[in-house]
Structures are given as C-alpha cells and as structure tokens.
Amino acid sequence: MNFDETPEQSQLRAAVAAMAARYGHSYYVSKAKSGGHTDELWAEAGKLGYLGVNIPTEYGGGGGGITDLAIVGEELSAAGCPLLLIVVSPAIAATILAKHATEAQKQKFLPGIADGTMKIVFAITEPEAGSNSHRLATTARRDGDEWILNGRKCFISGVDEAPYVLVVARTDEGGTGRLSPALFIVPTDAAGLTKSKIDMEIVSPENQWLLYFDDVRVPHDALIGGDPAAGLPALFSGLNPERITVAAGAVGTARYALSRAASYVSSRQVWGRPIGSHQGVAHPLAHAQIQVDLARLMVMKAAWLYDQGRDVEAGIAGNTAKYAAAEAAALAVDTAIQVHGGNGMTTEYGVATLLGGTRATRIAPVSREMILNFVAQHVLGQAKSY
Ligand SMILES: Cc1cc2nc3c(=O)[nH]c(=O)nc-3n(C[C@H](O)[C@H](O)[C@H](O)COP(=O)(O)OP(=O)(O)OC[C@H]3O[C@@H](n4cnc5c(N)ncnc54)[C@H](O)[C@@H]3O)c2cc1C
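Cut-offs applied
Residues numbered from 1 in each chain as written. Predicted model: local features only at pLDDT ≥ 70, side-chain atom pairs only at ≥ 80, totals over all residues. Heavy atoms only, no water. Core = buried A, V, L, I, M, F, W, Y, C linked by side-chain atoms within 4.5 Å. Buried < 20%, exposed > 50% of the residue type's maximum accessible area, 1.4 Å probe, protein only. Helix = DSSP H or I, 4+ residues; strand = E, 2+ residues; numbered from the N terminus. Contact = heavy atoms within 4.5 Å. Phe/Tyr/Trp six-rings, centres within 6.5 Å; stacked < 30°, edge-to-face > 60°. Lys NZ or Arg CZ within 6 Å of the ring centre and 35° of its normal. 1 Å grid on protein atoms, 1.4 Å probe; cavity = no way out; pocket = protein on both sides within 12 Å on 5 of 7 lines; lining within 4 Å. Points joined across faces, edges and corners; volume = space filled by probe spheres on them. Near = heavy atom within 4 Å. Polar contact = N/O pair within 3.5 Å; in protein donor to acceptor, adjacent residues only side chain to side chain. Areas by Shrake-Rupley, 256 points an atom, 1.4 Å probe, with all protein chains shown as cover. Nonpolar A, V, L, I, M, F, W, Y, C, P; charged D, E, K, R; others polar. Axes fitted to C-alpha atoms, helices over the stretch in contact; angles between N-to-C directions. Parallel < 35°, antiparallel > 145°, perpendicular 65-115°, else oblique. Left-handed = near helix turned anticlockwise from the far one by under 90°.

Asks: Where do I start with the nonpolar core in this structure?
Replies: In summary, soluble globular proteins display a tendency toward joint burial of nonpolar side chains. Ranked by size, the top nonpolar core spans 115 residues in total, and within it Ile120, Leu149, Phe184 and Val186 carry the most contacts. Among the elements that line this core, the one with the most residues is helix H7 (residues 231-267), at 15 residues. For Phe184, the residues in contact, after removing those within four places along its chain, are Ala140, Trp147, Leu149, Val165, Leu166, Val167, Ala169, Thr171, Val218, Ala222, Leu223 and Ile224.

Below is the structure:
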C-alpha cells in the first residue's frame with residue numbers, strides 16, 4: 001500500500017499552491033463583494049494547464065485523472081480561493097463530455113474547458129423535484145432536426161460566466177411513455193432561456209441562478225452522445241467527479257481556516273501567554289485537524305478508486321468522502337472563528353467569510369441525509385427508506 005502522491009502530483013500541488021497564494025482570500029472576497037468574478041485567477045489556472053489536468057491530451061488537457069483535479073481544487077481552496085466552478089466545468093462537464101459526447105462535441109468543447117477559455121455549467125436541480133431526481137420535469141421534445149426544451153432549473157451555478165449549460169431533460173424517445181433523462185448542451189443566450197439570480201448568503205464570486213426554459217430550441221447535435229439513450233450513463237459519470245472535487249475543495253477550505261486559526265492563537269495573548277497554550281483553545285483545533293486529515297484520506301482514496309475505473313467502490317468512497325469532508329470543513333471553520341474571538345466575525349480576519357460556502361457543502365451537490373440514506377442502503381444493506 002502506497003500513500004505517496006506521484007512526483008508529478010506533488011509538483012502539481014506545489015505549483016497550484018504557489019499560484020493561488022499570489023491571489024489569496026482577500027482577492028476572492030473582494031471579487032465576491034464587488035460582484036466581480038475571479039477571471040484573472042481562472043485565466044491563469046487555465047493557461048498553466050491546471051483546469052484541464054483530467055482532460056485527455058488529444059483535447060488539450062493534461063491526460064490525468066480526477067485525483068489531479070482534486071489536488072487543484074484542494075490547493076486553490078487551501079489558499080482561500082474555493083472556486084465552485086472547478087466542480088462544475090472541469091469535473092462534471094468535462095468528464096461527461098470526454099466519456100459520452102460525440103467526437104464533434106468533444107472537439108468543440110473540451111479544449112476550451114481545458115485552457116480555461118470556456119466554462120460549461122450544469123443544470124439538474126429543479127424546484128419541485130429537489131433531491132428526488134426521479135421527479136425531474138424538464139422535458140425535451142423532438143421536432144424534426146431540433147429539440148424543444150421546457151421546464152425550470154434552480155441553484156444553477158455560474159450561468160452568467162458560461163456560454164453553455166449542460167441540461168438534464170427528459171425525453172420520450174424510447175416510445176415507452178416513460179420519460180428518461182437525456183443531456184443537452186444549450187447556449188446560455190438561447191432564445192426562450194431566461195435566468196434570474198438567487199440571492200445567497202454565501203460570500204462567493206460565483207452566483208446561483210433560476211433558469212426558465214420556454215420552448216428553447218436546440219439543434220439535434222446539442223444532444224450529448226447524439227442519442228437520448230446516452231443520457232443516463234452520461235449523467236451517472238458526472239456524479240463521482242462532482243462529489244470528489246466538492247470534498248477536495250472542502251478539505252482545502254478547512255486547511256485554510258485551520259492555518260489561519262493556528263497562526264492567530266500562536267500570537268494572540270490575553271493572559272500573558274499565547275491563547276493556543278490553553279488546551280481549551282488548542283484541543284478543538286487539534287480535533288478539527290484530525291477530522292480534516294481523516295476526510296482528506298477518504299477524498300484521495302475515492303479519487304484513486306475513480307481513476308482506477310472502479311466506479312461502484314468510488315461511488316461509496318466518494319459519498320463517504322463528501323460527507324466527511326463537509327462535516328470536517330464545517331467544524332474547522334466554526335472552530336477557527338471561535339478561537340479568533342470577536343475577530344472571528346470581522347472582515348479583516350477573513351474567516352467568517354468561509355461560513356456560507358462550507359455550510360453549503362453539507363447540502364450540495366447531495367445532502368448529508370441523502371448520503372446517509374445511500375450508505376444505510378448500499379453499505380449496511382437496509383431497506384430503501386424513502
Ligand atoms: C451553493 C449551491 C450551488 C449549487 N449548484 C448547483 C448547480 O450548479 N447545478 C445544479 O443542478 N444544482 C446545484 N445546486 C443544488 C443542489 O444540488 C441541491 O440544493 C441539493 O441537491 C439539495 O436539493 P434541494 O435544495 O432541493 O433540497 P430538498 O431535496 O428539498 O431537501 C431539503 C432537506 O430535506 C432533506 N431530505 C430530502 N429528502 C430526504 C429523504 N428522503 N431522507 C432524508 N432527508 C431528506 C435533505 O437532505 C435536505 O436537508 C446548488 C446548491 C447550492 C446550495
């Protein structure tokens with residue numbers, strides 16, 4: 001058993017960390033508060049090849065795996081720049097496209113994702129369906145050489161930054177009367193597609209949107225894989241990369257919070273010595289550190305299993321990693337705020353800004369309760385409870 005990263009992975013980690021450190025949390029927060037986007041950071045990461053590490057080399061990527069992308073996401077977050085669109089564009093969209101798109105679709109979209117010049121966002125969640133994807137009601141109806149999409153999606157991240165959105169819609173192509181999911185790549189400026197911003201209590205330069213599809217017409221070649229039957233496997237192929245990279249980002253944010261906290265408690269003196277010398281301060285930090293290290297181990301195991309093509313095991317490990325990383329990150333951020341005292345809530349010390357984003361990782365992309373349902377059923381053999 002070898003727990004070491006390859007030399008290339010260690011170099012990637014160090015290089016991403018060095019680049020991200022030049023931006024840092026204050027850059028991220030200033031973009032969030034001014035309504036801007038992290039365009040410079042995204043462009044540099046793309047130029048240096050970090051956004052395409054998991055994309056095949058023939059489409060301009062690095063030819064690596066989700067482990068490499070998890071490293072990129074973790075190190076960006078560990079520098080205080082938790083970029084959610086890493087999860088959406090290179091993890092979900094690029095994986096789905098690389099594995100299930102037609103050759104023409106791959107050539108059209110993957111090089112832009114790899115070099116950071118094109119973001120592709122992902123829309124599955126619907127207001128009425130919630131966690132129950134069997135209730136998805138957005139439909140795609142064939143009309144000659146076109147498809148017509150109707151429905152609503154919610155919490156779709158980054159629509160304002162992306163020229164295309166990958167949409168999960170149901171079709172009746174099998175003629176069975178039962179609608180099955182298919183994936184369409186839709187221009188975000190398509191006629192009939194409107195968006196409205198959801199105001200969120202998350203300090204982030206990346207926005208969430210409600211999308212309305214009102215007779216949105218797309219050509220047949222917008223259908224991923226060119227066949228509605230490609231939809232379900234394509235959809236499933238995006239789930240593990242999504243969970244693993246969210247978990248990696250959460251671990252990175254937890255590391256950032258704990259490093260800020262460790263540095264603060266080493267210098268802050270209230271009773272004539274650093275507050276970190278009191279066990280009441282040091283033990284909660286040490287406890288959080290242990291939770292983060294455990295979660296990190298599971299994230300890397302899940303990524304490794306995924307890259308070995310062991311999808312079923314990666315599914316269990318990816319869910320476990322997402323659960324553990326979200327809990328560890330929520331604990332680490334809360335503890336980091338606590339040991340800062342009043343400074344924990346100030347803008348200057350920049351730890352409370354992490355609260356909303358880390359809290360959201362316990363809800364999205366799959367909630368902790370749905371992961372507990374999954375583990376109870378698929379690991380512990382219990383009856384489906386919902
Ligand atoms: C910051 C952010 C970014 C997002 N980005 C995207 C995106 O880019 N694209 C996209 O498609 N979606 C996105 N989402 C949506 C996200 O995936 C959903 O919010 C998530 O899947 C939960 O669905 P819901 O909000 O409808 O909650 P609901 O399904 O309504 O659940 C509400 C609560 O009930 C619990 N619950 C529901 N059913 C059960 C059950 N059977 N057993 C036990 N508990 C249950 C849930 O765990 C949760 O705590 C994003 C969400 C956030 C917060």
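Asks: Hey, could you run me through the environment of Gly65 in this one?
Replies: Note on placement: Gly65 falls in the loop between helix H3 (39-47) and helix H4 (66-78). Contact partners of Gly65, with chain neighbours within four places excluded, come to Val53, Asn54 and Asp307.

Asks: I keep staring at the packing of aromatic side chains and nothing clicks. Help me out?
Replies: Centre-to-centre distance and the angle between the planes together describe a pair of aromatic rings. Under the counting rule described, the total for this entry stands at 4 aromatic pairs. With a centroid separation of 5.4 Å and 85 degrees between ring planes, the pair formed by Tyr264 and Tyr349 is classed as edge-to-face. Residue Tyr264 is located in helix H7, and its partner Tyr349 is located in the loop between helix H9 (311-339) and helix H10 (355-360); the two are separated by 85 residues in the primary sequence. With a relative accessible area of 24%, Tyr349 lands in the partly exposed category. Of note, Lys119 hangs over the ring of Trp42, and the distance from its end group to the ring centre comes to 4.9 Å. Lying across the ring of Trp209, Lys195 places its NZ or CZ 5.3 Å from the centre.

Asks: What am I meant to see in the layout of surface pockets here?
Replies: To find leftover empty space, one rolls a probe the size of a water molecule over the atoms. Of the pockets and cavities examined, the second largest pocket occupies roughly 650 Å³. Elements represented by at least two residues in the lining of the second largest pocket include exactly helix H1 (7-21), H4 and helix H8 (279-307). For the lining of the second largest pocket, the leading source of residues is H8, giving 8 residues.

Asks: How do you make sense of the site of the ligand when you look at a structure like this?
Replies: Lining the immediate surroundings of the ligand are 19 residues, of which Thr125, Ser131, Phe155, Ser367 and Glu369 lie closest. Within the side chain of Asn373, a nitrogen or oxygen atom sits 3.1 Å from a nitrogen atom of the ligand. Within the complex, the protein chains bury 68% of what would otherwise be the 970 Å² of accessible surface of the ligand. Residues belonging to the shell around the ligand are distributed by class as follows: 11 nonpolar, 7 polar and 1 charged.

Asks: Got a minute to help me understand the packing of H7 against H8 in this structure?
Replies: Angle between the axes and distance between the axes are the two parameters that describe a pair of packed helices. Relative to each other, H7 and H8 sit at 155 degrees, their axes nearing to 9 Å. Accordingly, the angle class assigned to the pair H7 and H8 is roughly antiparallel. Considering only the axes of H7 and H8, their crossing is left-handed. Between H7 and H8, the residues in contact are Ser237, Asn240, Pro241, Ile244, Ala247, Ala248, Val251, Ala254, Arg255, Leu258, Ala261 and Val265 and Val281, Leu285, Ala288, Gln289, Val292, Ala295, Arg296, Val299, Ala302, Ala303 and Tyr306, respectively. Here the contact of H7 with H8 is composed, by residue class, of 18 nonpolar, 3 polar and 2 charged.

Asks: Explain the environment of Val292 here, please?
Replies: Of note, Val292 is situated in helix H8. The exposure class of Val292 is buried, given its relative accessible area of 1%. Expressed as a C-alpha distance, the spacing of Val292 and Thr253, which sit 39 residues apart in the sequence, is 10.0 Å.

Nothing here speaks to function; it is all geometry.
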